[in-house]
Structure formats: structure tokens, C-alpha cells
Amino acid sequence: MSPNTNLFKYLCFLLVIVGLAACGGGGGGSAPVTPPTNPMPDPDPDPDPDPDPDPEPPSFNANLRFTQFGIPHVQASDWAGLGYGHGYAYATQNFCVLMREIVAANGQSQRYFGDDGDLAADFVFALLGDDVESVFLDALSDDMRELAEGYVAGFNRYLRDTGVANLPAGDEGCVDEPWVREITLVDYGKMLRKLAVRASSEPLADFIFAAEPPDPSASTTGSHSESLRTPKQLLAGLDTKQLQTAIDRIALPKPEQLGSNAYATGSQVTQNGGGALLGNPHFPWSGSNRFAMIHLTLTPEGTTEPAYDVMGAALHGFPLVSIGFNADLAWSHTVSTGSRFVLHELQLNPDNAMQYEFDGEMRDITSQTITINVQNESGGIEQQSHTFYFSHFGPIVDLGSVNGLLAGWPVAAGTGTLYTLRDINADNVRGLSTWRDVGQSGSIAELEAALANVGIPWVNTIAADRAGMAFYGDISAVANVTEMQRTDCIGGLIAPLLTDFGLTTLDGSSADCELSTDADAPVPGVIGYDRLPKLINDSYVANANDSYWLSNPDSLLTGFPQIIGSEEVEQSLRTRLAFIQMQERIAGTDGLGAAGTNPLLLQDMLFSSRNMAAELVIGDVRTLCSNTPDWSVYSSNPAAVTQACGILDSWDTTHNNDQTGGHIFYEFWRNARAIDNLWLVQFDAADPVNTPRTVNTADATVIEAARQALADGVQTLLDANIALDAPWGEVQFSERNGERIAIHGGSGDMLFSVITSELIDDEGYSAIRHGNSYMQTVGWEADDCPDAYGLLSYSQSSDPASEHYADQTELYSNKQWVDLPFCNADIEAAQLGDAIDLEEAMPQ
């Protein structure tokens, strides 16, 4: 009913009261009304159209359905309701995982988990959380704040409905734990901010915490200036290889921590002329950096078309789909090589170690003290304080644990310099709105617009659409260091060394060396969309965690800022295998069937479990075996090495569950890959997919080293009491409730299908840390519903008592996928139990 209609009826009611008119629905027979000379006063010009003496308070509302394998489907009419349903659905399967992450994000891990906590990280996250409301939450768009508020309310609703005494037990459980409580929006904001700095401040937490100034009582004017040594003196005798190894641990998330593969194929490659996508992130198998499958549908009241209808998976606790698909677009992510932070080298005042030079003036180093509760040695709780120090760039860091050369204040390092961190993701609040817009995109062109605010913190995006277009882009937040700044702002001896090793280090004494700002950048210090690498075509793109340079061998991407990644450098074996597999698929020479791709063939490519290293060298290893009649020179168990040679002779070079020999080759390759002068044909930037190659068998030193590598690898297995003739599925497995589930795939140093596991004595590679996680293949046929399949290797629930604790792990073992029900009829056909209608009044 319109306000004008109500006003008309109200006026008529007044006229009827005074006997002046009879009001009808309009039309014939009604005489015109002459207003009285002294009419009654006008009614309120803006009356309540439908006065309600007892209006209902606003509420969270959502409908929740579960389908096979525990996949939730949430429907709501607003963002708050969508978050509410998602938070509740997530909590039914993984409440304790997010609760632990909330503890960590609040800087309380050591308080509650003791030695399993991380005191340095606790202080750093307490520092980051100190201003999260003003800097992070208040900067969210209205709809994304409502989504977050709903997620918190739904998560808390589950706790109230369930009770702490009925929460899951087990290694990741929290039944009756004192740290379980209802969470707040601020708690949730701290968790989201922690996720944003996963590739920057989080891995640097120890170094931020370690920064301590000299004791004022121990210094006098000029005392430390007299003790300064030149960088050249400090560099004398430096083990650069050791330094590189140490820096590698902190510069980026490593592939064995976070990694991924992805293919997007276009109309020239797919069998039906549409698009197709394989998403294959490699994430941990425990903890909060995992995925949970979800389908979210938002259909505003009064409409029939969804404003957001996306299925896929979200990182634990994330309120939107992180990797997924809608009716017309599918996307995935791979960890990018871009840098999210830089160091600035400060020149300290030689007479005051708490000042640094900037543009010809001395600035004070500031401080902030954080106090948290910690667990003492007797198990009691006490307060502990720590002071952090800052330049205007950001926190001071002490890299002394990497190398004494990089220690903090000059009293410790003797250099007269100090390092400070500029983290461009510390205040990045654009991620939620970016993933919202990605989910609402119906084409590659719309996806480009969604990514343009550069809100994704640390991953590449690979996508395909129904029309048959493919997209790759490293459209992530990257610190904006121009090529001129690389020339003018990286000087001396130490800064170039750090920069070459992956820690870009700029002069901190000049405003000219502040991070630059592009015209299209959403915030200062970030490279804008136009200068970030991207490739759009109708053939294919791929990424396996090497840089943007090789996204398609026929369209190398060059000329981009060095801080995003390297060009014309040797690629990993996994990257090379990614392109070899695709080239063979396009040609139809891989034995999988007719040329071209579709969702099922992309699954076959992933689960073929091919070993690139073995394909390159197995012939030479077999020759080496046949040319070595006596292994006693290399091993105290020569018969075992001879047996290993026989097994490798019949191995098909894959890490499928029924194949024997993969563990022997893996232990061999761990030793052999570092052999000097291993390859006869060296890397060629004109042929990055096929070089380096061919073992340098003419070099006797190489052959001797390879023999020793094989003998040592066999001994490793013998020492662990692992049978040499055991099939891979008996050697690598995941144990769920006492049952061993065979797990195909293997090390990312050799395979496209990645499983990272530790060798455990008397068991095998049973400690799986990381690897294939949420996987999806998506394509389109003539109907409206996407042709989509998914699989969550470690299953949907972290609760050992749940029926969804191991069901998809069994599917993974058998190379089976879930046919994902996206359209309503498919959801109804796969639904488990009745739908759940959730409602709760919003707090006033």
C-alpha cells in the first residue's frame, strides 16, 4: 500500500466525520467535494503508513538445508540473515576450530594452551586487535558489517543451543573448555584481520616482538656511535646460503604451508566450447587454515532473482565463499609470489638511539605497551606487559634470529641502522567486499571489475565463465615499489642483499622512498589494478605457485614490477608438470580420451598422481641400478638397495594407492635434487616448460652422488621400519577413528597432486600436514545449472563423532567426487533431513 493511498483514506475519514463527503474507490457517480471554509488542520505530513502499536523488532532469519556429505545450503533475504545461517551451519561442524582461532586472535593462546601457545604471536595479535574496531570494523561497508554481525550471532546461537558440555571432543575439540564463550563482533574482526596478514605480519610476529631498544642506563652520549662497525665489516664471513634459507622461511608462505594449483580452460580447449575450471588449493589438514563447503543464497524480499548465489568453500570462519562458482562463473585461487610488505632501513641518530633521520630531520621512535594475561609456570594466570616500538612506517623489527647482522638497535648490531616494517595488509578491509563482488560476477568482464579494488590480500585468481573465457591475474595487494625506487632507494651493502633474498628493503631516511601510489590504487602504497599482471584468453591459463610470468607458455607476461614476482627464471617441477599435462590433454596424447577438457577430465588430470621428477630421471636411475653390481660401497644393506632397484624397475612412476615404489623414489629424490651439475640441458627462458632436463650421465661425480642418494634413501626407509615393497596406499594414509585410509598424491616437489606428509617410524607417511584440500571442477552445459563437482579431502567436520568426519576422505581415497547440488531441484533430491528455519531477534 502506498503512502499516498493511506493519506487519501485518512483525509476521507476526516471529511466523513464532519459530514462533508463519502469516499469511494473513484470513478462515476461521485460529486466533486468543495472544501469547507475553515478546514480541519492538516494531518501529519509524514504519517506512519501503517501504525502498529507493537512493531516486531528486527531479527536474523535464515533457512538451512544439509545435503549429502554434510554440505550446508543457506538461504536468506538479507546479508545479516545470510551471515546468521552461515555462522550457525559452520558451527554445527567446526565450532571448536573457529573458537581456537578467536583465542589466538585475541592474544590468549599461551594463557589457555600453555606451551602449545605462542607468546610472541599473542602480543602481536593483541597489538593488532587494539584498534580493530576503529580501523577495521568501522571501515566495512554496511552490508558486509551486517554479514559479519549475522555470522557472529549464528555462531553464538549454536553455542547456546548446544551447551559447552556437549561440544566435540578429540584433538580439535573444546568440550567443557574454559576458553569457550560467546564471541563479539570485535573478536570476529580480530580473526579476520589476522587472516589478512597471513602472508605479512603473522610470519614476522617473532621479529616484531623481539625489537628492544638499548638500556638507557647502560648508554652515554655517543657511546654507541663509537662502537659502530661498517656493513662491510659485518658482512665478512657471512654465510649467504644460510641467510637465504632463513629468510625463505619468513618472506612468503611456502608451498608446503600454503599453495595451490588451478586451471581455467576456454572455448578453444574445452570439448563443448564453454569454460571449465579446476580449483586445487593446497592448505593444511588441521587448524583454521582449512576450508569448509558451503552454498549461500541471498534473495531480497520482493524479488525472485538472487543477489548472491554462490557455492564452494570458505576458509574456516570466513563469512563468504572463498573459492567457488555461481550460475555463470567459477574461480579459484593460488598463493601469489607478490610481497605484502617491505622493510625500511632507518638511519639512527648517533647520539640518541630512539631517533631516526627522515628528510633531514630527526623523528622520535614511538612506543605502545600491551598487557595480556599469561599462564605462569605453576599454571596460574598473571599479567605480563610488552612494549612495541614504531617508526612512522610501522613497527620496528629485529631480525637477529635470522642472522646477527640483522639484529635490532645498534648496540646489538653495531651498524647504526634499524629495520621497520610496512605491512600493506594490516589495514586491508577490502577483502570482504571484493569476494562479495566476485561471487556476484557473471562473466570474466564482471570479474575484472570486482577485482579492481585490489582487496584480495595474498592470492592469484584463476577463473572461467560460461561463455568460454579464461582469466589469470595476480590481482592482490602488493607493496608499490617502483623500478626507480629499486634503483634509488636500495643502497649500501645490506639492503641489496636482503632485497635479493626476498625482503625488499628501502631507504627509510627519504620521503622519496615511501611506497608509491598509483592513480587507480584504492589506498596509498598498493599497486593499482592496471599495473598488475593478468591474462585473458579463450584457450587456457594455469598457475602452480610460481610467478605470473608463466601463465600460458604461448603468452608469457613480462615487464611487471619485480616485487610481484620473477620473470625468466626456472620453474618448479610442479609448474612444469601443470603445463605438460595440459599440452598433452589438448593434443589428446595422455591416454585419458578424446582431446580437450571437461570437468571429469580435469579430475582425471589431477588424480593421475604423476611424478614429474620420476618422468625426467627414472630411465637413468634404472640404468644406474643395472650398472651397479655391488652396492656395498654405498650401503651397509646392499641387498636392500638391490631390492629397491628391482621395485623401481617395475614402478609406473605415479603415486597411486596401488603402486609400489613411490616411497623409494621420494627418499632418493630428496637427496638427489641437490646434486651439483645434475642437468645436462640447463634452464632456457625460451623453453621454461621443458628445461632443465636430461641427467648429466657423462659426469662421473653426478653418477656417484646419485648412487649414494639412492642408497641413503633406502636406508631412511629401513631405519623407519617401512617395507620397501609396500604399495603407496599402505605407506601414505590418514587415520580416522582407528581406520587407515589410503591417500594418493605426494610431495609438491615432484607431483601436481600434492600431499605433504612426514615419515613416522613403523607407520609411513601418516602425518599429513598439508596438500589437496577443497577441490572443484566446474563447467557448463546448455541448461542453467552448472556442471560442478567438489571434494574436501579431510571431510567437512572436525568432530570425530560426526558422520562427516571421514566420509569425503574415503571418497578421496577412491578418487570419487561429490556431484554438487546447486539448483533447487538438485538440492531437494540430495537433502538430508528437514530444513531448519532459524530466527532470532537482533540486539537493540
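Above this text you will find the structure in question.
None of the values given here were measured: they were computed from a predicted structure.

1. Notes on the overall build of the protein
Okay, so step 1: A tally of helices and strands in the protein yields 25 helices and 30 strands.
Okay, so step 2: Residues counted as buried form 57% of the 844 residues belonging to the protein.
Okay, so step 3: Within the protein, residue pairs in contact and separated by at least 24 positions form 69% of the contacts whose partners lie at least 6 positions apart.

2. Examining the packing of aromatic side chains
Okay, so step 1: Under the criterion given, the structure shown has 26 aromatic pairs.
Okay, so step 2: Taking the centre distance of 5.2 Å and the plane angle of 15° together, the rings of Phe60 and Tyr84 count as stacked. With Phe60 in strand β1 (residues 59-67) and Tyr84 in helix α2 (residues 79-105), this pair connects stretches of sequence that are 24 residues apart.
Okay, so step 3: The interplanar angle of 20° and the centroid separation of 5.1 Å between the aromatic rings of Tyr151 and Tyr188 together place this pair among those described as stacked. Separated by 37 residues along the polypeptide, Tyr151 in helix α6 (residues 142-162) and Tyr188 in helix α7 (residues 185-196) bring together distant segments of the chain.
Okay, so step 4: For Tyr188, a relative accessible area of 0% puts it in the buried group.
Okay, so step 5: In textbook terms, an aromatic cluster arises when at least three aromatic residues are bridged by ring pairs, as seen for Trp651, Phe665, Phe668, Trp669 and Trp679.
Okay, so step 6: When the ring centre of Tyr794 is taken as reference, the NZ or CZ atom of Arg290 above it lies at 5.8 Å.
Okay, so step 7: A cation over a ring is seen here: Arg736 above Tyr805, with NZ or CZ 5.1 Å from the ring centre.

3. Focus on helix α13 (residues 431-439)
Okay, so step 1: Counting buried residues in α13 gives 8 out of 9 residues, a clear majority hidden from the surface.
Okay, so step 2: All of the buried residues in α13 are Gly431, Leu432, Ser433, Thr434, Trp435, Arg436, Val438 and Gly439.
Okay, so step 3: If you follow the buried residues of α13, they end up packed against α2, α6, α7, β6 (308-315), β8 (329-335) and α14 (444-451).

4. As for unusual backbone geometry
Note on backbone geometry: most residues besides glycine have negative phi, and most peptide bonds are trans.
Okay, so step 1: Backbone torsion omega between Thr691 and Pro692 reads 0°, so that peptide bond is classified as cis.
Okay, so step 2: One can find Pro692 in the loop between β21 (679-681) and β22 (693-695).
Okay, so step 3: Although it is not a glycine, Asp359 sits at a positive phi angle of roughly 50°.
Okay, so step 4: Mapped onto the elements of the fold, Asp359 is located in the loop between β10 (352-358) and β11 (361-364).
Okay, so step 5: Since its relative accessible area comes to 48%, Asp359 is described here as partly exposed.
Okay, so step 6: The backbone of Asn677 sits at a positive phi, close to 60°, despite the residue not being glycine.
Okay, so step 7: Tracing the backbone shows Asn677 in the loop between α21 (662-672) and β21.

5. Some thoughts on the pattern of salt bridges
Okay, so step 1: Summed over the entire model, instances satisfying the criterion amount to 24 salt bridges.
Okay, so step 2: As a salt-bridge pair, Arg160 and Glu182 come within 3.3 Å of each other at their nearest N and O atoms. A residue pair is termed long-range when its members are at least 10 positions apart, and Arg160 in helix α6 and Glu182 in the loop between α6 and α7 qualify at 22 residues.
Okay, so step 3: Accessibility expressed as a relative area gives 41% for Arg160, which makes it partly exposed.

6. Considering α6
Okay, so step 1: Spanning 21 residues, α6 covers 30 Å between terminal C-alpha atoms, matching the ideal 30 Å at 1.5 Å per step.
Okay, so step 2: A large share of α6 lies buried, amounting to 15 of its 21 residues.
Okay, so step 3: Following α6 by one or two positions, Gly163 has its phi on the positive side, about 85°.

7. Some points on the sheet that holds β6
Okay, so step 1: Read across the open sheet, the 10 strands follow the order β19-β17-β16-β8-β7-β6-β5-β2-β1-β30; overall the sheet is mixed. In this open sheet, the two strands that pair with only one neighbour each are β19 (534-537) and β30 (831-841). For this sheet, the mean angle separating the axes of adjacent strands, direction not counted, is 20°.
Okay, so step 2: As defined by bridge partners, β6 adjoins strand β7 (residues 323-325) across 3 bridges and the pair is classed as antiparallel. Bridge pairing in β7 places Gly312 opposite Gly324.
Okay, so step 3: Running over the sheet, α13 touches β6 and β8 and is turned about 145° from β8.

8. Describing the nonpolar core
Okay, so step 1: Counting 203 residues, the largest nonpolar core has Phe95, Phe665, Trp669 and Leu710 as its most contacted members.
Okay, so step 2: Ranked by the residues each element gives to this core, the list is headed by α2, at 16 residues.
Okay, so step 3: If you look at the next biggest cluster of nonpolar residues, it comprises 27 residues, including Ala121, Leu204, Phe341 and Val402.

9. Brief notes about the side chain of Ser551
Okay, so step 1: You can see Ser551 is positioned in the loop between β20 (540-543) and α17 (573-587).
Okay, so step 2: Look at Ser551 and you get buried, because its relative accessible area is 0%.
Okay, so step 3: In this structure the side chain of Ser551 is engaged in a polar contact, spanning 2.8 Å, whose partner is the backbone oxygen of Tyr548.
Okay, so step 4: With sequence-adjacent residues up to four places away left out, Ser551 is seen in contact with Tyr472, Leu535, Tyr540, Val541, Ala542, Leu557 and Phe579.

Procedures and definitions
- Residues numbered from 1 in each chain as written.
- Predicted model: local features only at pLDDT ≥ 70, side-chain atom pairs only at ≥ 80, totals over all residues.
- Heavy atoms only, no water.
- Helix = DSSP H or I, 4+ residues; strand = E, 2+ residues; numbered from the N terminus.
- Buried < 20%, exposed > 50% of the residue type's maximum accessible area, 1.4 Å probe, protein only.
- Contact = heavy atoms within 4.5 Å.
- Phe/Tyr/Trp six-rings, centres within 6.5 Å; stacked < 30°, edge-to-face > 60°.
- Lys NZ or Arg CZ within 6 Å of the ring centre and 35° of its normal.
- Salt bridge = Lys/Arg side-chain N within 4 Å of Asp/Glu carboxyl O.
- Expected span 1.5 Å × (residues − 1).
- Pairing = 2+ DSSP bridges.
- Axes fitted to C-alpha atoms, helices over the stretch in contact; angles between N-to-C directions.
- Core = buried A, V, L, I, M, F, W, Y, C linked by side-chain atoms within 4.5 Å.
- Polar contact = N/O pair within 3.5 Å; in protein donor to acceptor, adjacent residues only side chain to side chain.

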